[in-house]
Amino acid sequence: MALTLHSYDTPVLLTNDDGIHSDGLIQLEHALRAVGDVYVVAPASEMSGASHSLTLARPLRIRQIDARHWTVDGTPTDCVTLALNKILPAEELPHICASGINHGGNLGDDATYSGTVAGALEATILGVPGLAFSLVARENFDFTAAAQFAVTAIRKVLAEGLPEGTLLNINFPPGEIKGVKVTRQGIKNARPVITEHIDPRGKPYFWIGEEYFNTNSADGTDYYAIDSGFVSVTPLRSDMTDHQALTAIETWNYLKAEELVHES
């Protein structure tokens, strides 16, 4: 069932993975003030690639900047969890969560690594509709059009709702926007590139990067939409079950007792 919300004086939670001082977050906050009351809870420093990680091995510190801004020395997931359960009082709990605007795309498989997507995912898991926004560019970031469309997207979700457990991963092409396409995830064609270096104390350290090949930009995918100059809107689910595979692997249900444990 889709949950429909109203946008009059709507509390909006804003987070990201690029940190509290990111231009993408600042411009998105400014634009979303047209929607309602914006509360920003964002990482104190960049947390790109944090995925849906929750900090459990150390304490977290919250710093309040003013009545509408807080930083957390943790991941986007930490930020949303603390915002909804500790920072914001009950009367200011958000009706919707925006994450971004990310410096760079979160297309295809990259969505699984993305802290930007994870912020929207955590909100969705906690019962607040989440939207992740990313600008597919490597330099000369102009967030103007993306921030303007984000207002449209937020208002549309507030008016029409989303299916329960669904978040939207929205990517913007660089330059002129030709329109909007609802898409599926494409497949990234890349391989890891690991370089080894020596630090000043003579100890090795490693840097993980990627070498990209041609992407799987088949019609209907997020890659294809971006390559064609369209905004890509991909619905994702917190339920990661591959429902089609349930039937394909149903023979697992019929393993015999003597097959359950292998004895060497």
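Residues numbered from 1 in each chain as written. Predicted model: local features only at pLDDT ≥ 70, side-chain atom pairs only at ≥ 80, totals over all residues. Heavy atoms only, no water.

J.: Explain the layout of surface pockets here, please?
T.: The calculated volume of the second largest pocket comes to roughly 470 Å³. In this structure, the second largest pocket is lined by 19 residues; those nearest its centre are Thr112, Gln185, Leu236, Arg237 and Met240. At the level of elements, helix H3 (115-125) and strand S13 (230-237) are the ones that each hand at least two residues to the lining of the second largest pocket. Element by element, the count of residues in the lining of the second largest pocket is highest for S13, at four residues. When grouped by side-chain class, the residues that make up the lining of the second largest pocket number eight nonpolar, eight polar and three charged. (1 Å grid on protein atoms, 1.4 Å probe; cavity = no way out; pocket = protein on both sides within 12 Å on 5 of 7 lines; lining within 4 Å. Points joined across faces, edges and corners; volume = space filled by probe spheres on them. Helix = DSSP H or I, 4+ residues; strand = E, 2+ residues; numbered from the N terminus. Nonpolar A, V, L, I, M, F, W, Y, C, P; charged D, E, K, R; others polar.)

J.: Where do I start with the packing of aromatic side chains in this structure?
T.: The description of an aromatic ring pair rests on the distance of the ring centres and on the angle between the ring planes. If you walk through the whole model with that rule in mind, you get three aromatic pairs. Centroid distance Phe141 to Phe143: 5.9 Å. Interplanar angle 10 degrees. Geometry classified as stacked. Following the ring pairs from residue to residue traces out a cluster consisting of Phe133, Phe149 and Phe172. Between Arg68 and the ring centre of Tyr39, over which it is positioned, the NZ or CZ distance is 4.8 Å. (Phe/Tyr/Trp six-rings, centres within 6.5 Å; stacked < 30°, edge-to-face > 60°. Lys NZ or Arg CZ within 6 Å of the ring centre and 35° of its normal.)

J.: Help me understand the packing of helix H2 (residues 76-87) against H3 in this model?
T.: Packed helices, taken two at a time, are described by the angle their axes make and the gap between the axes. Contact pair H2 / H3: the axes reach a minimum separation of 8 Å and the direction vectors enclose 25 degrees. When the interaxial angle is binned, H2 and H3 end up roughly parallel. Pair H2 / H3 crosses with right-handed handedness. Counting all contacts with H2, which are made through Pro76, Thr77, Val80 and Thr81, the residues of H3 involved are Gly115, Ala118, Gly119, Glu122 and Ala123. When the residues that make up the contact of H2 with H3 are grouped by side-chain class, the tally is four nonpolar, four polar and one charged. (Axes fitted to C-alpha atoms, helices over the stretch in contact; angles between N-to-C directions. Parallel < 35°, antiparallel > 145°, perpendicular 65-115°, else oblique. Left-handed = near helix turned anticlockwise from the far one by under 90°. Contact = heavy atoms within 4.5 Å.)

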